[in-house]
Amino acid sequence: MNSREMQPATGLTPEAMDLIETYFTRVHGALLIAAAGVCEDAVDELREHVLEQLARGAGTPADVTRVLAELGTPEALAARYAEAEAPGGSSDVAPDRSHGTLLGMPYDVRVPSSDRIASRWWDPMDARVFVPRVFGIGWDINFGALAVKVHLMRPDDEDVPFAAVPRAVVTAALAVPLLLSVALLTVMALLWPALPSSVPAHWDVVGRADQFWDRGWLVGFLAVMSLAPLAFAVVVHVRSRAPLNRVAATALSTLTGTLALSQFVQAYLYVQGDQGITPTFVGLGLALALPFLMFVLLSRVGRAAEQRRDLHDTTKKESV
Amino acid sequence: MGTDNDSRLSQFRKGVVELAILALLHGGEAYGGEIVERLGDHPGLAISAGTVYPLLSRLKKSGVIDSVWRESPVGPPRKYYRLSPTGDAEFDEMAHAWDGVTEAMDELLRKEGSR
């Protein structure tokens, strides 16, 4: 900041100096607001350059105004500095540590939104099958990229994911997680008397139970695991969010519903004396396969609707 | 250092790819796979399907290109892309600006560059 005291040699009128000081104070202010960690020296250098340029002319307030006008408003200039600093060009300039990379692993601890879940799970245009996890550390599966990879579809099959799918079909898909939850509650109610007070809740790699829970806790936990995402999905549907969000929320509750049901079956079979953790693996497989199938089938419906619209029109126009 | 350079290169390629797609569609409509393939013939652009499709989607959203499904003589129907009237105008403008940029850059690189 002592550079400011070294300036009087420029021969500018005090009025002209005032204009420059005001301008650069506003630039610094705007940079502070943008929270851009821009090296203040870079801005000071520009200030020197302006002063030098003015020293060559008469340095009247009118000259100053002209030169500063070339730089644009202080806010616009600050924005360009901030942009140069963060070449990603992202709109959130403020440093945000709620998501990023940790030891090479992506993480994200922002509250998951249906937008973010949706765009991670189904983005056929993105070639990456593994995408940064919506919440937590690690990766999620981009079912869209997977479907493209195994040649079930092309990346641009749908202009906007699921937008052309009839609304009733998107809503009807909710029946899948709904049925899973109903099945879970029914099975739990029917088998409750057959459960001992303490039931296995976790298995080691060789399939031996290594954690036991009170049966009430386990049943409650699995019910919440199945019902909470279902309730979330219903809210997303009721609020008429984008079709992609609605489908993704349905897929998410299908995944958790399948896991909860398979965990209960696993616990029940175990206490019945059936060793092994086959139900867990079957559950895991289905928990991924069912949402995948749901995404692909609905996307096919959307593609068919787009094709009906276009091919019908073009046959009219082009079949001479 | 290498990765730093890579990201800088990919940064300016991204801007170029958009013009490349518009230029290709200026010559006539094409489907997604065809666009990827034909741009792939220019290794200097280093374009992959992962770059082309999101860009097509963005260009379509902003009304620069249109898409339409057409029957294919060899297989299932394909989605073809073409420039919209806005896209035509935008292409002319961008191509003109590009000429100015390349001219200036050629001169700079020849004069100032040590190669």
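Residues numbered from 1 in each chain as written. Chains lettered and ligands numbered in written order. Predicted model: local features only at pLDDT ≥ 70, side-chain atom pairs only at ≥ 80, totals over all residues.

(A) Seen up close, the overall build of chain A. The helix and strand tally for chain A stands at 11 helices and 7 strands. Buried positions account for 28% of the 320 residues belonging to chain A. (Helix = DSSP H or I, 4+ residues; strand = E, 2+ residues; numbered from the N terminus. Buried ≥ 20, exposed ≤ 12 C-beta atoms within 10 Å, placed from the backbone.)

(B) Seen up close, the interface of chain B and chain A. Contacts between chain B and chain A engage 17 residues on the former and 13 residues on the latter. Put simply, the parts of the chain that give the side of chain B that touches chain A at least two residues each are α3 (49-61) and β2 (65-70) of chain B. In terms of residue class, the side of chain B that touches chain A is made up of 7 nonpolar, 6 polar and 4 charged. (Contact = placed C-beta atoms within 7 Å. Nonpolar A, V, L, I, M, F, W, Y, C, P; charged D, E, K, R; others polar.)

(C) Fine view of the sheet that holds strand β1 (residues 30-31) of chain B. Residues and elements named next belong to chain B. The sheet built from 3 strands is open, its strands ordered β1-β3-β2 with antiparallel pairing. Here the strands that pair on one side only, and so sit at the sheet edges, are β1 and β2. Bridge analysis of β1 against strand β3 (residues 78-83) gives 2 bridges, and the strand direction is antiparallel. Residue pairing for β3: Y31 is matched across the bridge by Y80. (Pairing = 2+ DSSP bridges.)

(D) Quick peek at the packing of helix α2 (residues 32-40) of chain B against α3 of chain B. Residues and elements named next belong to chain B. As a packed pair, α2 and α3 sit with axes 10 Å apart at the nearest point and diverge in direction by 130 degrees. The orientation of α2 relative to α3 falls into the category oblique. Crossing hand, α2 versus α3: right-handed. Where α2 approaches α3, its residues G32, I35, V36 and L39 are matched on the opposing element by A49, V52, Y53 and L56. (Axes fitted to C-alpha atoms, helices over the stretch in contact; angles between N-to-C directions. Parallel < 35°, antiparallel > 145°, perpendicular 65-115°, else oblique. Left-handed = near helix turned anticlockwise from the far one by under 90°.)

(E) Spotlight on α3 of chain B. All names here are of chain B. Taking 1.5 Å of rise per residue, the 13 residues of α3 would be expected to cover 18 Å, and the 18 Å separating its terminal C-alpha atoms lies within 8% of that figure. Every buried residue of α3 is listed here: A49, T51, V52, Y53, L56 and L59. Count one or two residues on from α3 and you reach G63, which has phi positive near 80 degrees. (Expected span 1.5 Å × (residues − 1).)

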